Amino acid sequence: MSTTHPTDRPGTVFAALRSPKQLRTEVLAGLVVALALIPEAIAFSVIAGVDPRVGLFASFTMAVTIAFTGGRRAMISAATGAVAFVVAPVVRDHGLDYLLATVILAGVLQIALSLAGVAKLMRFIPRSVMVGVVNSLAILVFLAQLPQLIGVPWLVYPLVAAGIVIIALLPRLTAAIPAPLVAVIVLTAVTVVFGLHVPDVGGQGELPSALPIPLVPHVPFDIETLRIIAPYAFAMAVVGLLESLMTAKLVDDITDTPSDKTRESWGQGIANIVTGFFGGLGGCAVIGQTVMNVKVSGARTRISTFLAGVFLLILVVGLGGLVARIPMAALVAVMIMVSVTAMDWHSLAPATLRRMPIAETAVMLLTVGVTVVTHNLAYGVVTGVVTAMVAFAHRVAHFTEVVPVTTTDHDDTTRVYKVRGELFFASSNDLVHRFDYSGDPPNIVLDMSETHIWDASTVATLDAVTTKYAAKGKRVEILGLNPASVARHQRLSGHLTGGH
């Protein structure tokens, strides 16, 4: 009976090294991702107010480091717009060295948060929020291409159209070479051979000519420095983890394989620490290039992630002159197809919208709207989760009921009420108004065998009911509670003030 060695399982580095076909896929996928990272890293450097090399070096160190430390195989980490927006004020007000210190501290905080179990919070993100995140990021990827399509020579448009056609149709003919790479090569050759004057990568900013070297930020190691960088570092840590964990969940769904979210969390922290000490902008997982790597190019291992960083450095430092000739139209075509591929079109189909509850659709659309308007994934996710929780509480609260029941076990001096449903703050606040305090007999029995007490609000409400009956000389007996509810009621009853 033959057995498969763990290192030979699909998705592992050793399995890819043993398969020439998969290894070719990983290598070419890494090259395509590297090409796509260059203009975005330069653009994010501009947003943060730093030299292009700071963003490019960040993408190199993030990708290479996370290839070893990350918990999600084939996911790409690099400089991102979310991080650039967060740290831009640090650069503007205090300079580059304070930015690097912020990136390093953010990495330390990400490690601390991972040890505190922040990855487990992913279970509280509903599916409607996840769908909203995927759709909003797809929209943001598309919107990020618009500056390259406005106020440009007319030749850009047929080039972009040609690139889209190549990427869409080539996979039907062959999957030997990633279609995005073919599009980049063909469009670059066309512009060079025919001498077309269109915007290219070189026009986005000066590419570095030397390798990154380790450094220590020149900032005072005192409380004042910590006061300056700590708020931005914490915001960067939270935004980076949120975006990375959401992207990891997306890749889990695409590949039908699990990932280690805790490892991914501290892996991001280590990657940011390394990036800070190499003069990089910092970053996190990038949805566009990750979808390109996994869904478009078919990569499944850490090899593609590692090579994306290595190829990026080789391209910008060793082959900068050649890379500078790549037309932006080619990369725009690639990213437009990435956004189309990333979008969950099924969630927007009329049949799906008719079938889904209105609240679920509203949560998805609200997540999309907030994320797109603010360009901040954290705002969108928090808004979506809070809205989903409110909708859930409102829905569950309506299943609670209090009904008087007739029983042969009690005489006319006793009234029995049956309480059904889950009792928490949203459902128990109206509980106090469900009883006939004046018309009921002297003895009241609350049968709570079909309910559960979840919080102090419910205990306070039961205390209020008991107090109202007691004010009229009537006694209340609570029966049927499960052990957990009994323990909560005994611990809190009589120790809460008021009726809330």
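Refer to the structure printed above.
Residues numbered from 1 in each chain as written. Predicted model: local features only at pLDDT ≥ 70, side-chain atom pairs only at ≥ 80, totals over all residues. Heavy atoms only, no water.

Asks: Requested: an account of the packing of aromatic side chains, with residues and values cited.
Replies: Inspection of every chain in the model, using the stated rule, returns six aromatic pairs. Lying over the aromatic face of Y437, K468 brings its terminal NZ or CZ to 5.9 Å of the ring centre. (Phe/Tyr/Trp six-rings, centres within 6.5 Å; stacked < 30°, edge-to-face > 60°. Lys NZ or Arg CZ within 6 Å of the ring centre and 35° of its normal.)

Asks: Please set out the side chain of D440 residue by residue, giving values where relevant.
Replies: Tracing the chain through its elements places D440 in the loop between α18 (425–428) and β5 (443–453). Among the polar contacts listed, one links the side chain of D440 to the side chain of Y417, at a separation of 2.6 Å. In terms of polar contacts, D440 uses its side chain to reach the side chain of Y469, at 2.5 Å. With sequence-adjacent residues up to four places away left out, D440 is seen in contact with R415, Y417, Y469 and K474. (Helix = DSSP H or I, 4+ residues; strand = E, 2+ residues; numbered from the N terminus. Polar contact = N/O pair within 3.5 Å; in protein donor to acceptor, adjacent residues only side chain to side chain. Contact = heavy atoms within 4.5 Å.)

Asks: Residues and numbers for a nonpolar patch on the surface, please.
Replies: The grouping of V13, F14 and L17 at the surface amounts to a nonpolar patch, some 270 Å² of accessible area in total. Mapping V13 onto the fold places it in helix α1 (residues 13–18). (Patch = residues over 30% accessible without salt bridge, like charges linked within 9 Å, V, L, I, M, F, W, Y side chains within 5 Å. Areas by Shrake-Rupley, 256 points an atom, 1.4 Å probe, with all protein chains shown as cover. Salt bridge = Lys/Arg side-chain N within 4 Å of Asp/Glu carboxyl O.)

Asks: Requested: an account of helix α16 (residues 358–374), with residues and values cited.
Replies: Here α16 spans 24 Å end to end across 17 residues, near enough to the 24 Å set by a 1.5 Å rise per residue. Of the residues making up α16, those classed as buried are T361, V363, M364, T367, V368, V370, T371 and V372. One or two positions beyond α16, positive phi appears at H375, with a value near 55°. (Expected span 1.5 Å × (residues − 1). Buried < 20%, exposed > 50% of the residue type's maximum accessible area, 1.4 Å probe, protein only.)

Asks: Lay out the pattern of salt bridges in plain terms, naming residues and giving numbers.
Replies: Where charged atoms from two side chains of opposite charge come close, those side chains can pair. Counted by the stated rule, this structure contains 11 salt bridges. The partner of R420 in a salt bridge is E401, and the shortest N-O contact between them spans 3.3 Å. Linking R420 in strand β4 (residues 414–423) with E401 in strand β3 (residues 401–405), this pair joins segments that are 19 residues apart in sequence. The shortest N-O distance in the salt bridge between D447 and K418 comes to 2.9 Å. On the criterion of sequence distance, the pair formed by D447 in strand β5 and K418 in strand β4 is long-range, its members being 29 residues apart. Of the residues examined, D447 reaches a relative accessible area of 22% and is grouped as partly exposed. Several salt bridges converge on common partners, so that one network encompasses E401, K418, R420, D447 and E450.

Asks: Quick rundown of the nonpolar core? Include the residues and the values.
Replies: Counting 108 residues, the largest nonpolar core has I38, I125, M246, L281 and V381 as its most contacted members. In this structure, I125 is in contact with M130, L242, M246, V381 and V385, ignoring residues within four places of it in sequence. In this structure, F435, Y469, L481 and L492 belong to the second largest nonpolar core, which totals 20 residues. (Core = buried A, V, L, I, M, F, W, Y, C linked by side-chain atoms within 4.5 Å.)

Asks: Got a sec to walk through the sheet that holds β4? Specific residues and values, please.
Replies: Read across the open sheet, the four strands follow the order β3-β4-β5-β6; overall the sheet is mixed. Edge positions in the sheet fall to β3 and β6 (475–479), since each of these pairs with one other strand and no more. For this sheet, the mean inter-axis angle between neighbouring strands, taken without regard to orientation, is 25°. Inspection of the sheet shows β5 paired to β6 by five bridges, in the parallel sense. Bridging from a neighbouring strand, N443 pairs with R475 of β6. Contacts from helix α20 (residues 483–492) reach β5 and β6, with the element oriented near 120° to β5. (Pairing = 2+ DSSP bridges. Axes fitted to C-alpha atoms, helices over the stretch in contact; angles between N-to-C directions.)

Asks: Quick rundown of the side chain of S428? Include the residues and the values.
Replies: When you line up the elements, S428 lands in helix α18. Residue S428 is classed as buried on the basis of its relative accessible area of 0%. Not counting chain neighbours up to four residues away, the residues in contact with S428 comprise S457, T458 and T461.

Asks: Mind laying out the packing of helix α5 (residues 96–115) against helix α9 (residues 223–255), listing which residues take part and the relevant values?
Replies: Packing of α5 against α9 brings their axes to within 7 Å, and their N-to-C directions diverge by 55°. Between α5 and α9, the angle is such that the two are oblique. For α5 against α9, the interelement crossing comes out right-handed. Of the residues in α9, those in contact with Y98, A101, T102, V103, L105, A106, L109, Q110 and L113 of α5 are T225, L226, I228, I229, A230, Y232, A233, F234, M236, A237, G240 and L241. The residue makeup of the contact of α5 with α9, split by class, is 17 nonpolar, four polar and no charged. (Parallel < 35°, antiparallel > 145°, perpendicular 65-115°, else oblique. Left-handed = near helix turned anticlockwise from the far one by under 90°. Nonpolar A, V, L, I, M, F, W, Y, C, P; charged D, E, K, R; others polar.)

Asks: Pulling in residues and values, what's your account of unusual backbone geometry?
Replies: Negative phi characterises most residues that are not glycine, and trans characterises most peptide bonds. Residues other than glycine seldom take positive phi values, yet A74 does so here, at roughly 75°. By the element assignment, A74 lies in the loop between α3 (52–69) and β1 (77–78). Phi angles above zero are rare outside glycine, and D256 is one such case at about 55°. Topologically, D256 is positioned in the loop between α9 and α10 (261–277).

Asks: Mind laying out the environment of W454, listing which residues take part and the relevant values?
Replies: Examined against the element boundaries, W454 turns out to sit in the loop between β5 and α19 (456–471). A residue is classified by how much of its surface remains accessible, and W454, at 47% relative accessible area, is partly exposed. Along the sequence, W454 and L423 sit 31 residues apart, while their C-alpha atoms lie 6.0 Å from each other. If near-sequence neighbours (up to four positions away) are discounted, W454 is found in contact with E422, L423, F424 and R488.

Asks: I'd love a proper account of the packing of α9 against helix α17 (residues 377–397), names of residues and values included.
Replies: The interhelical angle for the contact between α9 and α17, taken along N-to-C directions, is 70°, at an axis separation of 9 Å. The orientation of α9 with respect to α17, classified from their angle, is roughly perpendicular. In contact with V239, L242, E243 and M246 of α9, α17 contributes L377, A378 and V381. The residue inventory of the contact of α9 with α17, partitioned by class, reads six nonpolar, no polar and one charged.

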